[in-house]
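Structure assessment
One-letter residues, chain by chain:
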Amino acid sequence: MAEHLGEQLSAYLDGELGDEALAAAGAHLAVCPECRAALEGLQQLARRAEALDDRPPERDLWGAIASRLPGGAAPKVIPFRRRRFDFSLPQLAAAGIAIVALSSGAAVLLTRGARTPSFPAATAPGVPAAATGLASAKGIRSYDAAIRDLEASLAARRSTLDTATIRAVEQSLVVIDRAIRQAEAALAQYPNNMYLNNHLAHALDRKLEVLRRVTSMAAAS
Amino acid sequence: MPKGPVASAESEAADVALAAAGDQQAFERLYRLHVARVHSLARRMTGFEGDPDELTQDVFVRAWERLGTYRGEAAFGTWLHRLAVNVILNWRRGAAAERRWIEDGVDTDLLVGGRIGRAESMDLERAMARLPTGARQVFVLHDVEGFKHEEIAAMMGVTAGTSKAQLHRARMLLRSRLER
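In this text the structure is predicted, and so the values were computed from the model without any measurement.

Moving on: the packing of helix α7 (residues 163-189) of chain A against helix α1 (residues 9-20) of chain B. What describes two packed helices is the angle between their axes and the distance between those same axes. Following both chains from N to C, one finds α7 of chain A and α1 of chain B inclined at 125°, their axes separated by 8 Å at the closest point. In terms of their interaxial angle, α7 of chain A and α1 of chain B are classed as oblique. The interaxial crossing formed by α7 of chain A with α1 of chain B has right-handed handedness. Along the contact surface, α7 of chain A presents Gln182, Ala183, Ala186 and Gln189 of chain A, while α1 of chain B presents Ala14, Ala17 and Leu18 of chain B. Considering only residue class, the contact of α7 of chain A with α1 of chain B consists of 5 nonpolar, 2 polar and no charged.

Printed below as a string of structure tokens:
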């Protein structure tokens, strides 16, 4: 009998032998129980290897990863509804200025370029119906108009917000504006991606919601 | 050959694009989707020699840094997986300089004090961890992850023939240990 197959067993298992070598290996296996047993063992091993399940780490590694990313962990939007608002005159001017400046930046974003995402209807309460659908450039302009209306309304009553409110609004709008910029950048790569369109719509809704609420509070003071 | 949780191609592509634009929350979703596969790869490739948690962190930090180079030519999971292999192999090359006492080719049963008795059967994961480094890496890449010998050779800086020889060696060692 010829020598055992050795490495050729693996090549046989993986289908890597040429015709001649394959025929020779087959002839050897027919008469060599030792090589047949080895081949059977390797076949079982291959099946087990293919069936291995992936397991997550025992502890969550995300916190450690996020701390190593530039800027550290992602900031969270302050839950606006949970804040208690007191209004005083000196705090108002700063609030109005900050909000108008930030939302003007958003208006620029909203009117930029010829983006025509097909959004589902946005859900910001109190926003004109035409402003909540962004299926066209007209929709974007309507959205922009809604923001301008809120800015004007807020500016007229801007002397009624306290410092804590101003800070909360600023922080929320910074985060939301960042999300809008990120969504716009992503949409530039995948303009027809519905997930991204919804993501942008959600960010815009959040911005309108913040502006609408702070304007309502200023008006109620 | 994808394993683990599956996201829709559209939502994953969106998260990749958002993450490339700086959205860490999108990147966290990608992390949650792929961490099991990356961690399992790190654990299997390093055996007793490395910390798979630390390597997994390194992989995702590197992925964040290099997201801008991802062109969508392959699935994100495939891109991430190849990046993970490179990170792990590079770690191994660096670690090798510090751990010369672990020579490739040494049966690591000897290094762990022969804790595995002959009568004790080992499961495949544990048996893989005790393979010599080169044989273990080739076995994981070929038989578990599905890479071809030419790909493995390129990633590891060896010839395809060496990869084949290491694979056969790994298989025979595993067969022997699993049949004890």
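Quick look at the confidence of the model for chain A now. All names here are of chain A. Predicted confidence across chain A gives a mean pLDDT of 71, with 64% of residues reaching 70 or more. Mean pLDDT values over the elements of chain A span from 43, in helix α5 (residues 89-110), up to 95, in helix α4 (residues 62-68). pLDDT under 50 marks residues 75-137. Its contacts with residues more than four places away, or in other chains, come to 122 contacts.

Another aspect to go through is the nonpolar core. Ranked by internal contacts, the top residues of the largest apolar core, which has 81 residues, are Ala183 of chain A together with Ala17 and Ile88 of chain B. Tallying contributions element by element places helix α8 (residues 194-220) of chain A first for this core, with 11 residues. Setting aside residues no more than four positions away along its own chain, Ala17 of chain B makes contact with Ala186, Gln189, Tyr190 and Leu196 of chain A.

Another aspect to go through is the environment of His168 of chain B. Topologically, His168 of chain B is positioned in helix α8 (residues 160-178). Judged by C-beta crowding, with 22 C-beta atoms within 10 Å, His168 of chain B ranks as buried. When the C-alpha atoms of His168 of chain B and Phe139 of chain B are compared, they prove to be 8.5 Å apart, with 29 residues separating the residues in sequence. Ignoring sequence-local partners within four residues, the contact set of His168 of chain B consists of Glu7 and Ser10 of chain A.

What counts and what doesn't
Counting restarts for each chain, with residues numbered from 1 along the sequence as it is written. Written order determines the labels here, with chains lettered from A and ligands numbered from 1. Reporting in this predicted model follows two pLDDT cut-offs: at least 70 for local features of residues, and 80 or more for side-chain atom pairs to be given and counted; totals over whole chains, interfaces and linings ignore these cut-offs and use all residues. Only the contacting stretch of a helix is used when fitting its axis, a line to C-alpha atoms as for every element, and angles between N-to-C directions run 0 to 180 degrees. A run of DSSP states H or I qualifies as a helix once it reaches four residues; a run of E qualifies as a strand once it reaches two. Both are numbered from the N-terminal end. Angles below 35 degrees are treated as roughly parallel, those above 145 as roughly antiparallel, those between 65 and 115 as roughly perpendicular, and all remaining angles as oblique. Crossing handedness is read from the near helix: turned anticlockwise from the far helix by less than a right angle, it gives a left-handed crossing, and turned clockwise, a right-handed one. Contact between residues is assigned whenever the C-beta positions, reconstructed from backbone atoms, fall within 7 Å. Residues are grouped as follows: Ala, Val, Leu, Ile, Met, Phe, Trp, Tyr, Cys and Pro are nonpolar; Asp, Glu, Lys and Arg are charged; all remaining types, including Gly, are polar. The score called pLDDT rates the predictor's confidence residue by residue, from a low of 0 to a high of 100. The term nonpolar core refers to a set of buried Ala, Val, Leu, Ile, Met, Phe, Trp, Tyr and Cys residues connected through C-beta atoms within 7 Å. Comment: burial labels come from other C-beta atoms within 10 Å of the residue's own C-beta, placed from the backbone, where a count of 20 or more is buried, 12 or fewer is exposed, and between is partly exposed.

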